[in-house]
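Here are the chains, one letter per residue:
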Amino acid sequence: MISQFLFLLCFGPLPKPSLSAWPSSVVPLKSNVILRCWSPTRNVNFALKKGRITMESLQSYKLTENLAEFLLTDLHQGNAGEYTCEYYTILSPYTTSQPSDVLLLLVTGGFPKPSLQAYPSRNVTAGKKVTLQCQKPYNVVDYIRFSLLKEGMSEPIRHWRPLGNMAGFSLQNVTVKDTGNYSCVYYQKSSPFWASHPSDSLEIWVTATTLGDNPSVSPSTTSGDYTKGNVIRLGLAAVVLIIIGAFLIEAWYSQKESPRGSRSHSFPGKQ
């Protein structure tokens, strides 16, 4: 105990690890998921916890570098919940890190799916705003939260408390990177964290402006700049052509005068 106190006094507490889920933290029944715990410190052992219960421990000699992977297979509703991970040194004074941030694992399929709609439209211009409205069926379950999902993302991009039976996810100042397929789920905000089936996928299409994604400059200004540039380029081209023409005319006159000069001095002895 004294050695651990001296270690903390000299080096401070071990920094917390990070915990992520692959392919996603929102997964369907009967699927598999990997929970990855990454430590900034090498030569440590890892532990995965659900709430306050240690689910599994991994020893460093079984790991590659400073990453531990915990595989959960054939998922059921009981696997849903709040997970953390931590690591601890393998040598005395056996110091344990701070726990990672909580990762909420949702196993979908417990409730009917919600609906997802886009307002004012699912086709939007870059720089504008679009609201994705997720609505659950009436009288299904209370005390819930909503999550907005995007295909290709390992975690929900937003969590939101409902307003009645729905939640509005507002995407401000969108860019072409916001283009993609979205869905939403609703879930119990406390244990056992049952979650609904995901909504049907909704494709959002963001169209870039003529300026890339910068709506602050009007297209008319750009058009005027292009016109002015064209006029300048045409003017420079005309000057170059005039200069080239002058050189050609001068060369022509020089060649025309040269034969006359040569004849006048061809026979100086004959007078």
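Everything quoted here is computed from the prediction, not taken from an experiment.

Analysis parameters
- Residues numbered from 1 in each chain as written.
- Predicted model: local features only at pLDDT ≥ 70, side-chain atom pairs only at ≥ 80, totals over all residues.
- Heavy atoms only, no water.
- Helix = DSSP H or I, 4+ residues; strand = E, 2+ residues; numbered from the N terminus.
- Buried < 20%, exposed > 50% of the residue type's maximum accessible area, 1.4 Å probe, protein only.
- Contact = heavy atoms within 4.5 Å.
- Disulfide = S-S within 2.5 Å.
- Pairing = 2+ DSSP bridges.
- Axes fitted to C-alpha atoms, helices over the stretch in contact; angles between N-to-C directions.
- pLDDT = per-residue confidence, 0-100.
- Phe/Tyr/Trp six-rings, centres within 6.5 Å; stacked < 30°, edge-to-face > 60°.
- Core = buried A, V, L, I, M, F, W, Y, C linked by side-chain atoms within 4.5 Å.

### Quick notes on the side chain of Thr 108
Consideration 1: Mapped onto the elements, Thr 108 comes out in strand E8 (residues 103–108).
Consideration 2: Looking at Thr 108, the relative accessible area reads 6%, which means it is buried.
Consideration 3: In this structure Thr 108 touches Val 26, Val 27, Pro 28, Leu 29, Gln 77, Val 185, Ala 195, Ser 196, His 197 and Pro 198, once residues within four positions along its chain are discounted.

### Notes on the state of the cysteines
Consideration 1: One pass over the full model with this rule turns up 2 disulfides.
Consideration 2: Residue pairing for Cys 37: its cysteine sulfur links by disulfide to Cys 85, the two sulfurs lying 2.1 Å apart. Linking Cys 37 and Cys 85, the disulfide has an S-S dihedral of approximately 80 degrees and is accordingly described as right-handed. Here Cys 37 is found in strand E3 (residues 33–38), whereas its partner Cys 85 is found in strand E7 (residues 81–89), with 48 residues between them in sequence.
Consideration 3: With a relative accessible area of 0%, Cys 37 lands in the buried category.
Consideration 4: The class of Cys 85 is buried, set by a relative accessible area of 0%.
Consideration 5: The disulfide partner of Cys 134 is Cys 184, and the gap between their sulfur atoms is 2.0 Å.

### Topic: the sheet that holds strand E11 (residues 130–135)
Consideration 1: Overall, antiparallel pairing links the 3 strands, which are arranged E9-E11-E14 in an open sheet. With one partner strand each, in any of the chains shown, strand E9 (115–119) and strand E14 (166–171) form the two edges of the open sheet. Ignoring strand direction, the axes of neighbouring strands in this sheet form an average angle of 20 degrees.
Consideration 2: Sheet topology places E9 next to E11; 5 bridges connect them, and they run antiparallel. Counterpart to Gln 117 in the pairing with E11 is Gln 133.

### Let's talk about the sheet that holds strand E6 (residues 67–72)
Consideration 1: Taken in spatial order, the 3 strands make up an open sheet running E1-E3-E6, and their pairing is antiparallel. Two strands close off the open sheet at either side, each with one partner strand: strand E1 (18–22) and E6. Geometrically, the sheet is characterised by an average inter-axis angle of 20 degrees between neighbouring strands, direction not taken into account.
Consideration 2: Relative to E6, E3 runs antiparallel, the two being bridged by 6 bridges. Note that in E6 the partner of Ile 34 across the bridge is Leu 71.

### Details of the confidence of the model for the protein
Consideration 1: Scored by pLDDT, the protein has a mean of 82; 77% of the residues are at 70 or more.
Consideration 2: Contacts from residues 215–226, a stretch scored under 50 in pLDDT, to residues over four places away or in other chains number 7 contacts.
Consideration 3: With pLDDT under 50 throughout, residues 261–271 is counted as low confidence; its partners more than four residues away or in other chains account for 0 contacts.

### What about the packing of aromatic side chains?
Consideration 1: Summed over the entire model, instances satisfying the criterion amount to 4 aromatic pairs.
Consideration 2: Ring centres of Phe 146 and Tyr 186 lie 6.1 Å apart, and the angle between their planes is 55 degrees; on these two criteria the pair is classed as tilted. Of this pair, Phe 146 sits in strand E12 (residues 144–150) while Tyr 186 is found in strand E15 (residues 180–188), placing the two residues 40 residues apart along the sequence. Taken as a pair, Phe 146 and Tyr 186 share a single burial class, namely buried.
Consideration 3: In this structure an aromatic cluster arises from ring pairing among Phe 111, Phe 146, Tyr 186 and Trp 194.

### Observations concerning the pairing of E1
Consideration 1: Only one face of E1 is covered, namely the face carrying Leu 19 and Ala 21; the face carrying Ser 18, Ser 20 and Trp 22 is uncovered.
Consideration 2: Pairing geometry for E1 and E3, over 5 bridges, is antiparallel. Looking at the pairing, Ala 21 lines up with Leu 35 of E3.

### Observations regarding the nonpolar core
Consideration 1: In this structure, Leu 19, Val 33, Leu 35 and Phe 70 are the most contacted members of the largest nonpolar core, which totals 29 residues.
Consideration 2: When residues in this core are grouped by element, the largest group, 4 residues, is from E8.
Consideration 3: Setting aside residues up to four positions removed in sequence, Val 33 forms contacts with Ala 21, Trp 22, Ser 24, Val 27, Phe 70, Leu 71, Leu 72, Leu 75 and Leu 105.
Consideration 4: Grouped together as the second largest cluster of nonpolar side chains are 22 residues, Phe 146, Phe 169, Tyr 182 and Tyr 186 included.

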